[in-house]
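# Fold and contact review
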Amino acid sequence: MATAISQERLSSYNPATGDLLGSVPIFSAAEVDAAVARARVAAETWSTRSFAARNEELDAFRHALAAAADTIADILHRENGKPELEALTEVMMSLGHLKHAVARAETAMAPKKVSAGLLANFRATISYAPLGVVGVIGPWNYPLNTPMGSIAHALAAGNAVVWKPSELTPLVALEIEKIAKQTFALPDLLQVVTGAGATGAALAKAAVDKISFTGSAATGKRVMLAASERLTPVLMELGGKDPMIVSDDADLEKAAEAAVYGGLTNAGQACISVERVYVAEAVYDKFVDEVVKQVRDLKVGGDDGDLGAMTSEAQVKIVKDHLDDAVAKGAKVLTGGPNAISGSFIQPTVLTGVTHQMKVMTEETFGPVIPIQKVKSIDEAVRLANDSRYGLGSSVFAGKSARSIAGKLRAGMTSINSVMAFAGIYGLPFGGVGESGFGRIHGDEGIREFTRVKSTAEQAFSLPINMMSFRQPKDAAKRLRGMIRQLYGDGVVSKAGDLLRKFRR
Ligand code: NAD
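Presented here is a report on the structure given in the accompanying data block. Residue numbers restart at each chain and count upward from 1, following the sequence in its written direction. With the structure being a predicted model, the display of local features is reserved for residues of pLDDT at least 70 and the display and counting of side-chain atom pairs for 80 or more, all residues being used for whole-chain, interface and lining totals. Heavy atoms throughout the structure, all of them, feed into the side-chain values; hydrogens and water do not.

### Brief notes about unusual backbone geometry
The phi dihedral of N417 is positive, around 50°, even though this residue is not glycine. Note on N417: relative accessible area 39%, which makes it partly exposed. Even without being glycine, H442 reaches a positive phi, approximately 70°. Along the chain, H442 turns up in the loop between β19 (437-438) and α16 (443-448). For each residue, the accessible area found with a 1.4 Å probe, counting protein chains only, is set against the maximum for its type, and the residue is called buried under 20%, exposed over 50%, and partly exposed in between. When its relative accessible area of 4% is taken as the criterion, H442 is described as buried. Each helix is a run of DSSP H or I of at least 4 residues and each strand a run of E of at least 2, with the numbering of both proceeding from the N terminus.

### Structural notes on the pattern of salt bridges
Salt bridges are counted wherever a side-chain nitrogen of Lys or Arg sits within 4 Å of a carboxyl oxygen of Asp or Glu. Within the structure shown, the criterion is met by 22 salt bridges. For E458, the salt bridge goes to R123, with nearest N and O atoms at 3.2 Å. Note that E458 is positioned in strand β20 (residues 451-459) and R123 in strand β4 (residues 122-130), a separation of 335 residues in sequence. Across the pair E290 and K293 runs a salt bridge whose closest N-O atoms are separated by 3.6 Å. Within this pair, E290 and its partner K293 are both found in helix α10 (residues 281-296), separated by three residues, close to a single helical turn. A single salt-bridge network, built from bridges that share partners, covers K221, R389 and E435.

### A word on the sheet that holds β20
Following DSSP output, two strands are said to pair if at least two bridges run between them. Read across the open sheet, the three strands follow the order β3-β4-β20; overall the sheet is antiparallel. Each of the sheet's edge strands pairs with one partner strand only, and the pair in question is β3 (112-114) and β20. Neighbour to neighbour, the strand axes of the sheet diverge by 25° on average, direction disregarded. For β4 and β20, the ladder comprises nine bridges, and the chain directions are antiparallel. What sits directly across from Y128, in β20, is V453. Between N-to-C directions, angles span 0 to 180 degrees; the directions come from axes that are lines fitted to C-alpha atoms, helices contributing only their stretch in contact.

### Quick notes on the packing of helix α2 (residues 51-67) against helix α5 (residues 145-156)
Two elements in contact, α2 and α5, have axes separated by 10 Å at closest approach and are oriented at 150°. The angle between the axes of α2 and α5 places the two elements in the roughly antiparallel class. The segment α2 lies against α5, with F51, R54, L58, F61 and L65 engaging M148, L155 and A156. Of the residues that constitute the contact of α2 with α5, the class distribution is seven nonpolar, no polar and one charged. Here the angle decides the label: under 35 degrees means roughly parallel, over 145 means roughly antiparallel, 65 to 115 means roughly perpendicular, and every other value means oblique. In what follows, residue pairs with any heavy atoms lying within 4.5 Å of each other are defined as contacts. Charged means Asp, Glu, Lys or Arg here, nonpolar means Ala, Val, Leu, Ile, Met, Phe, Trp, Tyr, Cys or Pro, and polar covers whatever is left, Gly included.

### Observations regarding the packing of aromatic side chains
We call Phe, Tyr and Trp rings a pair once their centres come within 6.5 Å, taking the six-membered ring for Trp, and we label the pair stacked below 30 degrees between planes, edge-to-face above 60, and tilted otherwise. One pass over the structure, following the stated rule, counts four aromatic pairs. Note on W140 and F366: the rings are 5.6 Å apart at their centroids and 80° apart in plane angle, and the pair reads as edge-to-face. Of the two residues, W140 is situated in the loop between β5 (133-137) and α5 and F366 in the loop between α12 (359-362) and β16 (369-375); the sequence distance between them amounts to 226 residues. The exposure classification of W140 matches that of F366, with both residues buried.

Here's what the structure looks like:
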């Protein structure tokens with residue numbers, strides 16, 4: 001299941017079977033720079049096209065991807081280990097983001113007029129222009145949907161993209177690049193540079209206009225450091241330790257169903273996985289029984305399994321370490337557990353008796369594990385939920401108090417009486433706080449993330465007194481003092497025009 005890196009090539013294996021799937025080049029720093037230079041040329045043309053012209057090509061790209069959905073899903077299934085259904089879901093989500101980004105780009109980037117305030121003789125406008133070349137560095141867990149959150153919005157905003165996929169899942173990226181080259185009139189508009197960390201570091205140091213990074217917080221810090229050499233702005237989509245809160249007035253069956261799906265989809269290898277659950281004392285036993293019942297129905301492995309293979313050996317080791325640590329500190333294993341790991345397959349694990357002294361409640365486990373903690377009150381649940389250096393997603397199952405609980409959670413996103421829903425609503429920006437990162441993909445914010453903001457102040461007509469001039473009346477200082485008092489002190493002046501007239505008198 002490991003990915004071996006030879007001197008020049010990188011091999012990709014099926015994590016479920018260990019079969020070799022193919023090998024890809026390892027791009028050197030010079031080759032990355034050359035790709036960025038080609039992208040720069042493509043960006044110069046692409047950025048000057050109208051939205052309608054760009055959208056026509058992006059729609060054609062989407063149609064071509066949709067026509068190749070089975071092939072793409074099959075590569076995802078074999079290279080990442082996820083079941084076919086999850087692979088197809090990933091393709092569908094990615095195409096949804098692309099369609100939405102195209103539909104929204106012109107509106108999201110439309111110039112906006114703002115009040116010119118005291119400079120009433122000015123027109124003030126905010127406009128948005130493409131950045132140029134965006135470097136996208138992606139992870140292996142959602143090798144298509146995650147990078148597409150940046151790629152779709154960056155392209156729709158008028159940028160070219162250079163994409164460095166994870167070394168564990170390069171083949172799916174190359175398939176997308178192949179389709180892009182067949183579809184776009186500019187063959188260098190979307191390029192893929194394959195390789196491991198060194199290739200990613202080269203992209204972060206290259207002459208790109210923004211780096212959109214998705215991966216672990218530890219690597220994110222290295223990417224920021226590399227990007228700081230050129231003061232390249234960065235967007236950071238990092239890890240999470242998403243909490244779920246279940247109140248005593250929640251629909252327990254639905255809450256359990258959401259905890260099971262949210263904790264176990266993609267074998268728990270999702271940045272917005274439910275990584276810990278806090279349940280009100282009064283309903284705790286019932287909720288735990290329901291979760292265990294639903295987990296026992298799941299099938300692990302096979303093309304039609306509910307849970308697929310873990311994508312990497314390294315991730316299996318992290319999960320095993322968290323489970324060993326939890327058991328050693330007194331956690332109770334209700335299903336699965338550290339002894340239910342066989343090669344790249346981990347049986348879904350439900351733990352109770354967990355505390356924040358355990359890694360499984362504080363560090364990103366990224367595996368099929370649902371640790372459940374009993375709480376005496378919702379205040380305790382909120383305090384524990386917020387006791388994390390991460391702050392990506394979160395979910396709340398409750399009755400009337402649900403919105404108020406959601407409002408108290410320190411997280412970039414919250415689903416109420418559902419799980420992960422914010423990721424499937426294309427208009428909602430996606431991103432975190434704290435060590436889960438900053439910046440947003442998806443939605444209009446996700447489009448403007450790949451633009452530069454320009455402020456323009458245009459003098460529409462002249463006034464007898466020009467405030468941007470040294471040629472002022474002798475008593476200007478006295479008049480200004482009066483203005484300051486009236487504008488910002490006790491006196492209230494409703495209209496800037498009244499004040500200007502007073503100043504001129
Ligand atoms: P990772 O940090 O190991 O690698 C991510 C990417 O960075 C890979 O392409 C890798 O080759 C590259 N890389 C490694 N070292 C680099 C360096 N020094 N400079 C530049 N690039 C470098 O992450 P991963 O294991 O591939 O992905 C799992 C992590 O991603 C988890 O923490 C998960 O929560 C997170 N994730 C976050 C989101 C989100 O949207 N917030 C989405 C998916 C995954």
